[in-house]
Amino acid sequence: MNAQEILDQEFLTIRSKLLDIAAALDRIQRGDGDPADDARMELVSEAIDIVGSTQLHRAERIQLLFSRQYDQAWKSKFQLNSGA
Amino acid sequence: MYYIDPHIHMVSRTTDDYATLARMGCVAMSEPAFWAGYDRGSADGFRDYFRQLTEVEPARAAQFGIRHFCWLCINAKEAENVQLSRDVLKLIPEFLDCANVLGIGEIGLNKNTRNEAIIFQEHVELAIEHQQAVLIHTPHLEDKHQGTKMILDMLADHPELAPGSVLVDHVEEHTVKAVLDAGYWAGMTLYPVTKCTPSRAVDIIEMVGAERLCVNSAGDWGPSKPTAVPDLIMEMRRRGHRESLIRKIVFDNPREFFQQSKNFDLADPANR
């Protein structure tokens, strides 16, 4: 399938999922209080920026955004020997 | 199309699910040992569970013409209890000759802790000692990337364990390449909210290819869909993929991986 055909197939799904996100953010905003200081709101905002970017691998970049950092020195911090 | 579900927890499912899976084309499945939803109080609890996996479920599956295989271990969540884990590790060898046991699994990490890593390594050593294949659980959500890298680090410490005898499960967009590039098999789990959707799994197949890649439902006691593999088949067909490619993902690949286990034999239904 070419890009136009994929867009034809996916457009309504994309529209529906964007509406779900927009409605969920509205729901949060309508609720009592303001979670603006919650770090997860910043992550959501950054993820939306990734969705709107034109670079490929958006899904992978969002996965990494929501991931804990990997520390190469984890074994020495855990005092584990290589190969137990 | 007939298929294999290489990761499904049938102890949590009803007999009606077996009937539905058979109607959908499932001809074989493998069930890794996992967390029961609560922490078990003793190694004897695991002995009973291993009997359920090696005696009860194969008989239940056989009523519907499905071959049931399994993997044995103490799961990553309960591995936080090191003493209990070591008691369970001692039990496992007595079950390895049971007719449906494929290897050690699903071992792995849950919250990426020191204790989980210690017990992971001890499972790997058990697998090497008994020449068993290994099925690996990777953590969920924000812990997945870090945990998968830690698992790959530990596997690299054991060059005597052939990468081709290891399947690293629950891979997603940010972990699949590292697993495949290291020579291991990779599994994608079609599971609502916390893992892959059928659409994203097909995207991953299109991006990384079909070599050493499997898909599973991981149907269990949580919100999950035991018929998720047929959903992937439909999504691949919707996108116009060849039937031979679909078959490779849902039948040939898991069969090839399982065939390394001495207890696995499954004739191709096409040749019956």
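Details of the structure are given in the entry above.
The structure reproduced in this document is the subject of the present report. Just so you know, these numbers come straight off a predicted model, no measurement behind them.

### Some thoughts on the interface of chain B and chain A
- Taken together, the 25 residues of chain B in the interface contact 22 residues of chain A.
- Between chain B and chain A lies a buried interface of about 2100 Å² when both sides are counted; carbon and sulfur atoms form 53% of it.
- The interface formed by chain B and chain A contains five salt bridges.
- Residue Arg68 of chain A pairs with Asp143 of chain B through a salt bridge whose shortest N-O separation is 2.5 Å.
- Elements supplying a minimum of two residues to the side of chain B that touches chain A: helix 4 (114-129), helix 5 (144-156) and helix 7 (198-208) of chain B.
- It is helix 5 of chain B that provides the largest number of residues to the side of chain B that touches chain A, a total of six residues.

### Some points on the pattern of salt bridges
- Summed over the entire model, instances satisfying the criterion amount to 29 salt bridges over all chains.
- Between Glu235 of chain B and Arg239 of chain B there is a salt bridge, with the nearest N and O atoms lying 2.8 Å from each other. The residues Glu235 of chain B and Arg239 of chain B share a single accessibility class, namely buried.
- Three or more residues joined by partner-sharing salt bridges are found here, namely Glu10 of chain A together with Asp203, Glu206, Glu235, Arg238 and Arg239 of chain B.

### Some thoughts on the environment of Lys77 of chain B
All names here are of chain B.
- Looking at the secondary structure, you find Lys77 in the loop between strand 3 (67-72) and helix 3 (82-91).
- As a C-alpha pair, Lys77 and Glu125 span 48 residues in sequence and 19 Å in three-dimensional space.
- Once you skip the residues sitting within four places of it in the chain, Lys77 turns out to touch Trp35 and Asn110.

Rules behind the numbers
Residues numbered from 1 in each chain as written. Chains lettered and ligands numbered in written order. Predicted model: local features only at pLDDT ≥ 70, side-chain atom pairs only at ≥ 80, totals over all residues. Heavy atoms only, no water. Contact = heavy atoms within 4.5 Å. Buried area = accessible area lost by both parts, 1.4 Å probe. Salt bridge = Lys/Arg side-chain N within 4 Å of Asp/Glu carboxyl O. Helix = DSSP H or I, 4+ residues; strand = E, 2+ residues; numbered from the N terminus. Buried < 20%, exposed > 50% of the residue type's maximum accessible area, 1.4 Å probe, protein only.

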